[in-house]
Amino acid sequence: MERLTELIKEDMKPALGVTEPGAIAFAVATARENAEGEIIKVKVSLNSGMYKNAFTCGIPNSSQFGNLYAAALGAVAARAELGLESLAHITQEDNERAARMVEEGRVEVVMDHVGSRITIDASVITESDSVTVRIRESHTGVVCIEKNGKIIFSEDSSGEKKNGAEEIPVIHQYTLHDLLEYVANVPEKEISFIREAFSVNMELLEEGLHSGRTVITKQLLKENKNQIISEDALRTAQLLCNGAIEARVLGLNRPAMSITGSGAHGIIATMPLFAYFQVHYGEVGDVLLLRATALSYLITMYIKEYSGKLSAFCGCGIAAGCGMACGLAFLRGAKESQVGMVIRNMASGLTGMICDGGNHGCTMKGIVAVDAAYRAVDLAMQDAAIGEIHGINGRTPEETMRYMGMIASPGMVHTEETIVGIMGQK
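Residues numbered from 1 in each chain as written. Predicted model: local features only at pLDDT ≥ 70, side-chain atom pairs only at ≥ 80, totals over all residues. Heavy atoms only, no water.

Trainee: Would you take a moment to explain the overall build of the protein for this structure?
Mentor: The helix and strand tally for the protein stands at 17 helices and 8 strands. Relative to the 2.2 N^0.38 estimate, which gives 22 Å for 426 residues, the radius of gyration of the protein is 21 Å and therefore close to what a compact globule would have. Every one of the 426 residues in the protein was classed for burial, and the buried ones make up 57%. Contacts in the protein between residues at least 24 apart in sequence constitute 75% of all its contacts with a sequence separation of at least 6. The distance from the centre of the 38 positive side-chain charges to the centre of the 52 negative ones in the protein is 2 Å. (Helix = DSSP H or I, 4+ residues; strand = E, 2+ residues; numbered from the N terminus. Rg over C-alpha atoms; globule rule 2.2 N^0.38 Å. Buried < 20%, exposed > 50% of the residue type's maximum accessible area, 1.4 Å probe, protein only. Contact = heavy atoms within 4.5 Å. Lys, Arg positive; Asp, Glu negative; His and termini not counted. Charge placed at Lys NZ, Arg CZ, Asp CG, Glu CD.)

Trainee: Please clarify how the side chain of asparagine 359 should be interpreted in this entry.
Mentor: In this fold, asparagine 359 is placed in the loop between helix H14 (336–350) and helix H15 (361–380). Polar contacts involving the side chain of asparagine 359 include one to the main-chain carbonyl oxygen of aspartate 356, which spans 2.9 Å. Aside from chain neighbours lying at most four places away, what touches asparagine 359 is Thr56 and Val249. (Polar contact = N/O pair within 3.5 Å; in protein donor to acceptor, adjacent residues only side chain to side chain.)

Trainee: Just checking my understanding: could you explain the packing of helix H4 (residues 67–76) against helix H5 (residues 92–103) for this structure?
Mentor: When two helices pack together, their arrangement is given by the angle between their axes and by how far apart the axes lie. Running from N to C, H4 and H5 point in directions that differ by 120°, and their axes come no closer than 9 Å. By the angle class used here, H4 and H5 are oblique. Viewed along their axes, H4 and H5 form a crossing whose handedness is right-handed. Between H4, through Leu68, Tyr69, Ala72, Leu73, Ala75 and Val76, and H5, the contact on the second element is made entirely by Asp94, Asn95, Arg97, Ala98, Ala99, Met101 and Val102. Residues of the contact of H4 with H5, tallied by class, amount to 10 nonpolar, 1 polar and 2 charged. (Axes fitted to C-alpha atoms, helices over the stretch in contact; angles between N-to-C directions. Parallel < 35°, antiparallel > 145°, perpendicular 65-115°, else oblique. Left-handed = near helix turned anticlockwise from the far one by under 90°. Nonpolar A, V, L, I, M, F, W, Y, C, P; charged D, E, K, R; others polar.)

Trainee: Honestly, the environment of alanine 325 in this entry has me stumped. Any pointers?
Mentor: Its place among the elements puts alanine 325 in helix H13 (residues 316–331). With a relative accessible area of 0%, alanine 325 lands in the buried category. Distance from alanine 325 to isoleucine 268, taken between C-alpha atoms, is 9.7 Å for residues 57 residues apart in sequence. With residues up to four places along the chain from it excluded, the contact list for alanine 325 reads Val342, Met346, Ala373 and Val377.

Trainee: What am I meant to see in unusual backbone geometry here?
Mentor: The general pattern is negative phi for most residues beyond glycine and trans for most peptide bonds. For the bond running from serine 409 to proline 410, omega is 15°, close enough to zero to count as cis. Here proline 410 is to be found in the loop between helix H16 (397–408) and helix H17 (413–425). The phi torsion at aspartate 383 lies on the positive side, around 60°, for a residue other than glycine.

Trainee: I'm lost on the pattern of salt bridges in this one. Help?
Mentor: Oppositely charged side chains are able to pair whenever their charged atoms sit close together. Tallied over the full model, the rule gives 19 salt bridges. Of the charged contacts, one joins glutamate 10 and arginine 3 as a salt bridge, the two residues approaching to 3.9 Å between their closest N and O atoms. We classify glutamate 10 as partly exposed; its relative accessible area is 46%. One salt bridge in this structure joins aspartate 232 and arginine 235, with 3.8 Å as the shortest N-O distance. Relative accessible area serves as the criterion here: at 38%, arginine 235 is assigned to the partly exposed category. Because the salt bridges share partners, they merge into one network encompassing Asp121, Arg134, Arg136 and Glu146. (Salt bridge = Lys/Arg side-chain N within 4 Å of Asp/Glu carboxyl O.)

Trainee: Sorry if this is basic, but what is going on with the sheet that holds strand S6 (residues 142–147) here?
Mentor: Note on sheets: strands pair through backbone hydrogen bonds, and any given pair is parallel or antiparallel. On the basis of which strands lie adjacent, the open sheet formed by 6 strands has the order S3-S2-S4-S5-S6-S7 and mixed pairing. Edge strands, defined here as strands with exactly one partner in the open sheet, are strand S3 (107–113) and strand S7 (150–154). Strand-to-strand twist of the sheet, defined as the mean angle between neighbouring strand axes without regard to direction, takes the value 15°. Relative to S3, strand S2 (residues 39–47) runs parallel, the two sharing 6 bridges. When the bridges of S3 are listed, leucine 46 appears paired with methionine 111. Most of the contacts of H4 go to S3, to which it runs at about 125°, and overall it touches S2 and S3. (Pairing = 2+ DSSP bridges.)

Trainee: How do you make sense of the confidence of the model for the protein when you look at a structure like this?
Mentor: The predicted coordinates ought not to be read in detail in places where the model reports low pLDDT. On average, residues of the protein score 94 in pLDDT, and 97% of them are at 70 or above. Note on residues 157–164: pLDDT is under 50 here. Beyond four places in sequence and across chains, it has 4 contacts. (pLDDT = per-residue confidence, 0-100.)

Trainee: How should I be thinking about the packing of helix H8 (residues 195–209) against helix H10 (residues 233–249) in this particular structure?
Mentor: In contact at an axis separation of 8 Å, H8 and H10 are set at 70° when each is read in the N-to-C sense. When the axes of H8 and H10 are compared, the pair comes out roughly perpendicular. The residues of H10 that touch H8, namely those facing Asn201, Met202, Leu204, Leu205, Gly208 and Leu209, are Leu239, Leu240, Gly243, Ala244, Ala247 and Arg248. Counted by class, the contact of H8 with H10 contains 8 nonpolar, 3 polar and 1 charged residues.

Trainee: What's the story with the nonpolar core in this structure? I'm lost.
Mentor: Taken as a class, soluble globular proteins show a tendency for nonpolar side chains to be buried jointly. Among the nonpolar cores identified, the biggest contains 148 residues, and Ile120 and Ile194 are the most heavily contacted of them. In terms of residue count, H13 provides more of this core than any other element does, 12 residues in total. Beyond its immediate sequence surroundings of up to four residues, isoleucine 120 is in contact with Ala23, Ile24, Ala27, Val44, Ser45, Leu46, Met50, Val133, Arg134, Ile135, Arg136 and His139. (Core = buried A, V, L, I, M, F, W, Y, C linked by side-chain atoms within 4.5 Å.)

Trainee: I would appreciate a short explanation of the side chain of threonine 19 in the present structure.
Mentor: Along the chain, threonine 19 falls in helix H2 (residues 19–32). Residue classification places threonine 19 among the buried residues on the basis of a relative accessible area of 1%. For threonine 19, the side chain forms a polar contact with the side chain of arginine 248, separated by 3.3 Å. With residues near it in sequence (within four places) discarded, threonine 19 still touches Leu84, His139, Arg248, Gly261, Ser262 and Gly263.

Trainee: Looking at this structure, how should I read the environment of asparagine 61?
Mentor: Take asparagine 61: it is sitting in the loop between helix H3 (48–53) and H4. Using a relative accessible area of 23% as the deciding quantity, one classes asparagine 61 as partly exposed. The spatial distance from the C-alpha of asparagine 61 to the C-alpha of glutamine 92 is 8.1 Å, given a sequence separation of 31 residues. Contacts of asparagine 61, omitting those with residues within four sequence positions, involve Leu87, Ala88, His89, Ile90, Asn95, Gly251 and Asn253. Among the polar contacts made by the side chain of asparagine 61, one reaches the main-chain carbonyl oxygen of leucine 87 at a distance of 3.0 Å. A polar atom in the side chain of asparagine 61 sits 3.2 Å from the backbone oxygen of alanine 88.

This is how it looks when you write it as structure tokens:
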């Protein structure tokens, strides 16, 4: 199997609700499963991106939202073996127990530093035990479990080679030319697993269409002539993409297929492409859709490796939006030079979009990203693009994507502090 195929396969995972509450619940549940006795206290420390992203997002199977309730549900009922779907089987009784824990002051969640790299330290203290689970870099990447002062599980998470040199991420060892060569030639069978992303995300959209809680989805459906698939590719893309995002951020009980640890990234990277395929069925084949989606995923991953998993920059709109735009250009038969133009157009238009957490506003950011992507591709297909000397564009597509990521990290560290500060005032 090609290394790039492995990267996609390892990264593409179903996630229920916004990823961060699921990760918090997973961490606490993992600690709880290693402790005996009645829970006295739950303590969770998060990096700023994790704290911010879960601050006001909906929780699956619950009317509650946010960090405290995610942690409490992790303590009373989440199932760690389900990973990012740890909250899949929450009941009303579980919600009531979690609410009591919060009301009694037995749950504490704090932001311990500003940073874009994922950190979760979750402690469960019972009558007889104290267990701490440490997660680093990925939402379910447990690197240490400590019980009563003793390490019972440990994994090297240094991220460095033994000689101390920083390892270049695998995705950055490729150029845009390499990625295009891969998606053009990889055997269909090798990337057929990507089809699952479309079915999972469409089921999430259906949940949103039938929910009384969604509001943007219903307007997008009206704009699309009350059809899920119309003759208008852009309006269909807006509905499929942002209807699924709205369902996700409100915590409706269906998973999204995530990429780079984010359900919204996964939705944006796939659904506008699926919409274009559906509207132009017959002109665009199923295999071409798979190849375009693989490119979308890889470009998303390329930018995210520079920006960090969680930052003050909206990776959904910027990284996944840029990836999706490149995939759309590929679907439309773009030349390599035109795909590079798409990247410059997207970099020039969307890079300043902030991330103020996983919340209802993600739906609006998705709408902006889809509009921008379709317009960026329309221009590039006519060889119209922002010049490489302007703004943060680089001399090569690889440079441009690196500069896009640098705007987030280190560029927007103080923006992150401001966003979290605003949340604290609300």
